[in-house]
Amino acid sequence: MSTIKLTYFDVDGGRAEPTRIALSIGGIEFEDHRISFSEFGQMRSSTPFNALPAIEMNDGVYTQSNAMNRYFGKQAGLYPEDPWQAFLCDEVMDAGDELKAAREKLVDGAFTTYLKTLNARLEAAGGEYFADGRLTVADLKVFVWIRGLNSGVLDYVPTGLAARVAPLLVQHMERVAADPGVAAYYEGRGK
Ligand SMILES: N[C@@H](CCC(=O)N[C@@H](CS)C(=O)NCC(=O)O)C(=O)O
(Lines give C-alpha, C1' and ligand atoms only; values in the text may rest on other atoms or scores of the structure.)
Protein backbone atom coordinates (compact mmCIF):
# COMPACT_ATOMS: atom_id res chain seq x y z
CA MET A 1 0.00 0.00 0.00
CA SER A 2 1.19 3.51 -0.76
CA THR A 3 1.55 6.06 2.00
CA ILE A 4 -1.66 7.37 3.51
CA LYS A 5 -2.43 11.03 4.18
CA LEU A 6 -5.70 11.80 5.92
CA THR A 7 -6.75 15.43 5.75
CA TYR A 8 -9.36 16.80 8.14
CA PHE A 9 -9.98 19.67 10.52
CA ASP A 10 -7.82 20.04 13.61
CA VAL A 11 -10.42 18.67 16.01
CA ASP A 12 -10.49 15.50 18.08
CA GLY A 13 -13.93 14.72 16.75
CA GLY A 14 -16.05 14.94 13.64
CA ARG A 15 -16.22 12.61 10.67
CA ALA A 16 -12.55 11.65 10.47
CA GLU A 17 -11.99 10.81 14.11
CA PRO A 18 -13.27 7.20 14.00
CA THR A 19 -11.01 6.60 10.98
CA ARG A 20 -8.00 8.08 12.78
CA ILE A 21 -8.67 5.81 15.76
CA ALA A 22 -9.17 2.74 13.54
CA LEU A 23 -5.90 3.47 11.72
CA SER A 24 -4.15 3.81 15.04
CA ILE A 25 -5.63 0.61 16.49
CA GLY A 26 -4.71 -1.24 13.29
CA GLY A 27 -1.13 0.00 13.51
CA ILE A 28 -1.53 1.43 10.01
CA GLU A 29 0.88 4.28 9.43
CA PHE A 30 -0.67 7.48 8.16
CA GLU A 31 -0.05 11.19 8.03
CA ASP A 32 -2.61 12.89 10.27
CA HIS A 33 -2.88 16.10 8.25
CA ARG A 34 -4.91 18.60 10.29
CA ILE A 35 -5.95 21.91 8.82
CA SER A 36 -7.72 25.03 10.04
CA PHE A 37 -11.12 26.12 8.78
CA SER A 38 -9.50 29.01 6.89
CA GLU A 39 -7.04 26.63 5.21
CA PHE A 40 -10.01 24.52 4.17
CA GLY A 41 -11.61 27.61 2.63
CA GLN A 42 -8.57 27.95 0.38
CA MET A 43 -8.40 24.30 -0.64
CA ARG A 44 -12.14 23.46 -0.63
CA SER A 45 -12.59 23.50 -4.41
CA SER A 46 -9.57 21.24 -4.90
CA THR A 47 -11.09 18.41 -2.85
CA PRO A 48 -13.13 15.81 -4.81
CA PHE A 49 -16.55 16.76 -3.39
CA ASN A 50 -15.62 20.12 -1.83
CA ALA A 51 -15.57 18.49 1.59
CA LEU A 52 -13.38 16.72 4.15
CA PRO A 53 -12.20 14.21 5.17
CA ALA A 54 -10.11 13.47 2.10
CA ILE A 55 -7.53 10.73 1.95
CA GLU A 56 -4.56 10.31 -0.33
CA MET A 57 -3.62 6.69 -0.97
CA ASN A 58 -3.11 4.25 -3.81
CA ASP A 59 -2.11 7.16 -6.06
CA GLY A 60 -5.39 9.04 -5.74
CA VAL A 61 -7.46 11.29 -3.50
CA TYR A 62 -10.61 9.74 -2.06
CA THR A 63 -13.45 10.75 0.24
CA GLN A 64 -16.40 9.47 2.28
CA SER A 65 -15.76 8.84 5.93
CA ASN A 66 -17.78 5.63 6.10
CA ALA A 67 -15.93 4.14 3.13
CA MET A 68 -12.74 4.90 5.08
CA ASN A 69 -14.22 3.43 8.26
CA ARG A 70 -15.08 0.20 6.48
CA TYR A 71 -11.84 -0.04 4.53
CA PHE A 72 -9.57 0.53 7.49
CA GLY A 73 -12.00 -1.13 9.89
CA LYS A 74 -11.55 -4.34 7.90
CA GLN A 75 -7.78 -4.05 8.03
CA ALA A 76 -7.78 -3.24 11.74
CA GLY A 77 -10.12 -6.07 12.72
CA LEU A 78 -12.85 -3.55 13.54
CA TYR A 79 -15.42 -4.52 10.91
CA PRO A 80 -17.56 -7.65 11.08
CA GLU A 81 -16.94 -10.42 8.57
CA ASP A 82 -20.43 -11.83 9.01
CA PRO A 83 -22.82 -10.00 6.59
CA TRP A 84 -25.57 -9.58 9.17
CA GLN A 85 -23.19 -8.20 11.78
CA ALA A 86 -21.79 -5.91 9.05
CA PHE A 87 -25.33 -4.71 8.37
CA LEU A 88 -25.80 -3.86 12.05
CA CYS A 89 -22.47 -2.03 12.03
CA ASP A 90 -23.40 -0.06 8.88
CA GLU A 91 -26.86 0.83 10.19
CA VAL A 92 -25.29 2.48 13.24
CA MET A 93 -22.74 4.38 11.14
CA ASP A 94 -25.44 5.72 8.81
CA ALA A 95 -27.63 6.71 11.74
CA GLY A 96 -24.61 8.59 13.09
CA ASP A 97 -24.53 10.59 9.88
CA GLU A 98 -28.19 11.46 10.27
CA LEU A 99 -27.50 12.64 13.79
CA LYS A 100 -24.81 14.91 12.38
CA ALA A 101 -27.27 16.35 9.85
CA ALA A 102 -29.79 16.92 12.66
CA ARG A 103 -27.16 18.77 14.73
CA GLU A 104 -26.30 20.98 11.77
CA LYS A 105 -29.98 21.81 11.31
CA LEU A 106 -30.13 22.69 14.99
CA VAL A 107 -27.14 25.01 14.61
CA ASP A 108 -28.77 26.95 11.78
CA GLY A 109 -32.22 26.79 13.38
CA ALA A 110 -32.96 26.63 17.11
CA PHE A 111 -29.41 27.28 18.38
CA THR A 112 -29.09 30.43 16.32
CA THR A 113 -32.58 31.62 17.27
CA TYR A 114 -31.93 31.14 20.99
CA LEU A 115 -28.50 32.71 20.85
CA LYS A 116 -29.74 35.78 18.96
CA THR A 117 -32.75 36.22 21.22
CA LEU A 118 -30.70 35.91 24.41
CA ASN A 119 -28.16 38.32 22.95
CA ALA A 120 -30.99 40.81 22.35
CA ARG A 121 -32.33 40.28 25.89
CA LEU A 122 -28.90 41.02 27.33
CA GLU A 123 -28.54 44.12 25.18
CA ALA A 124 -32.00 45.36 26.26
CA ALA A 125 -31.00 44.86 29.91
CA GLY A 126 -27.92 47.09 29.46
CA GLY A 127 -25.48 44.50 28.06
CA GLU A 128 -23.92 43.22 31.28
CA TYR A 129 -26.44 41.10 33.18
CA PHE A 130 -29.84 39.70 32.28
CA ALA A 131 -31.83 41.10 35.22
CA ASP A 132 -31.57 43.45 38.17
CA GLY A 133 -28.28 44.94 36.95
CA ARG A 134 -26.30 42.23 38.75
CA LEU A 135 -25.43 38.55 38.72
CA THR A 136 -28.51 36.34 38.96
CA VAL A 137 -29.18 32.69 38.27
CA ALA A 138 -30.17 33.67 34.70
CA ASP A 139 -26.54 34.69 34.14
CA LEU A 140 -25.30 31.41 35.58
CA LYS A 141 -27.64 29.44 33.34
CA VAL A 142 -26.53 31.22 30.15
CA PHE A 143 -22.87 31.18 31.24
CA VAL A 144 -22.91 27.40 31.57
CA TRP A 145 -24.59 26.95 28.20
CA ILE A 146 -22.28 29.30 26.30
CA ARG A 147 -19.19 27.85 27.93
CA GLY A 148 -20.31 24.39 26.84
CA LEU A 149 -21.05 25.55 23.30
CA ASN A 150 -17.67 27.26 23.01
CA SER A 151 -15.73 24.32 24.38
CA GLY A 152 -16.55 22.10 21.42
CA VAL A 153 -18.02 19.31 23.51
CA LEU A 154 -20.91 19.14 21.07
CA ASP A 155 -19.71 17.39 17.95
CA TYR A 156 -20.69 19.19 14.75
CA VAL A 157 -21.58 22.40 16.55
CA PRO A 158 -18.91 24.95 15.55
CA THR A 159 -17.14 26.44 18.56
CA GLY A 160 -17.34 29.89 16.95
CA LEU A 161 -21.13 29.88 16.68
CA ALA A 162 -21.84 32.05 19.74
CA ALA A 163 -19.11 34.54 18.77
CA ARG A 164 -20.60 34.82 15.29
CA VAL A 165 -24.28 35.23 16.10
CA ALA A 166 -24.30 36.42 19.74
CA PRO A 167 -21.03 38.22 20.58
CA LEU A 168 -22.46 39.85 23.73
CA LEU A 169 -23.02 36.39 25.19
CA VAL A 170 -19.34 35.53 24.81
CA GLN A 171 -18.35 38.72 26.63
CA HIS A 172 -21.01 37.89 29.22
CA MET A 173 -19.50 34.41 29.71
CA GLU A 174 -16.11 35.97 30.43
CA ARG A 175 -17.72 38.51 32.79
CA VAL A 176 -19.50 35.78 34.75
CA ALA A 177 -16.38 33.58 34.84
CA ALA A 178 -14.48 36.51 36.39
CA ASP A 179 -17.16 37.14 39.03
CA PRO A 180 -15.48 36.60 42.45
CA GLY A 181 -18.17 34.15 43.63
CA VAL A 182 -18.02 32.12 40.44
CA ALA A 183 -14.21 32.15 40.38
CA ALA A 184 -14.13 31.04 44.03
CA TYR A 185 -16.45 28.15 43.25
CA TYR A 186 -14.14 26.85 40.51
CA GLU A 187 -11.04 27.40 42.61
CA GLY A 188 -12.71 25.26 45.26
CA ARG A 189 -13.10 22.55 42.67
CA GLY A 190 -9.40 22.78 41.85
CA LYS A 191 -9.94 24.34 38.40
N1 LIG B 1 -20.36 12.16 3.07
C2 LIG B 1 -19.16 12.86 3.43
C3 LIG B 1 -19.55 14.22 3.98
C4 LIG B 1 -18.37 15.11 4.20
C5 LIG B 1 -18.74 16.43 4.82
O6 LIG B 1 -19.90 16.89 4.81
N7 LIG B 1 -17.73 17.07 5.41
C8 LIG B 1 -17.90 18.35 6.04
C9 LIG B 1 -17.07 18.42 7.29
S10 LIG B 1 -17.46 17.22 8.52
C11 LIG B 1 -17.36 19.44 5.15
O12 LIG B 1 -16.30 19.31 4.58
N13 LIG B 1 -18.08 20.56 5.09
C14 LIG B 1 -17.58 21.73 4.47
C15 LIG B 1 -18.37 22.21 3.32
O16 LIG B 1 -19.34 21.53 2.94
O17 LIG B 1 -18.04 23.30 2.84
C18 LIG B 1 -18.36 12.04 4.44
O19 LIG B 1 -18.97 11.29 5.22
O20 LIG B 1 -17.12 12.09 4.44
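Details of the domain arrangement of the protein
Inference 1: Annotation of the protein at the domain level lists domain 1 (5-79) and domain 2 (101-188).
Inference 2: Inter-centroid distance (C-alpha atoms) of domain 1 to domain 2 is 33 Å.

Observations concerning the site of the ligand
Inference 1: Near the ligand you find G14, R15, R44, N50, A51, L52, P53, T63, Q64, S65 and N66, and these make up its full shell.
Inference 2: A breakdown of the residues in the shell around the ligand according to their chemical character gives three nonpolar, six polar and two charged.

Quick look at the pairing of strand 4 (residues 60-63)
Inference 1: Where strand 3 (residues 54-57) and strand 4 come together, four bridges link them in antiparallel fashion. Considered in strand 4, the bridge of I55 is made with Y62.
Inference 2: In sequence, strand 3 turns back onto strand 4 through a hairpin of two residues, with N58 there showing a positive phi of about 45 degrees.

With respect to the packing of helix 1 (residues 17-25) against helix 3 (residues 65-76)
Inference 1: With their axes 9 Å apart at the nearest point, helix 1 and helix 3 run at an angle of 15 degrees to one another. As the angle between them shows, helix 1 and helix 3 are arranged roughly parallel. Between helix 1 and helix 3 the crossing geometry is left-handed. For the pair helix 1 and helix 3, contact is made by P18, T19, A22, L23 and I25 and by S65, M68, N69, F72, G73 and A76, respectively.
Inference 2: For the contact of helix 1 with helix 3, the residue count by class is seven nonpolar, four polar and no charged.

Cut-off values and rules
- Residues numbered from 1 in each chain as written.
- Predicted model: local features only at pLDDT ≥ 70, side-chain atom pairs only at ≥ 80, totals over all residues.
- Domains from an automatic or database assignment.
- Near = placed C-beta within 6 Å.
- Nonpolar A, V, L, I, M, F, W, Y, C, P; charged D, E, K, R; others polar.
- Pairing = 2+ DSSP bridges.
- Helix = DSSP H or I, 4+ residues; strand = E, 2+ residues; numbered from the N terminus.
- Axes fitted to C-alpha atoms, helices over the stretch in contact; angles between N-to-C directions.
- Parallel < 35°, antiparallel > 145°, perpendicular 65-115°, else oblique.
- Left-handed = near helix turned anticlockwise from the far one by under 90°.
- Contact = placed C-beta atoms within 7 Å.

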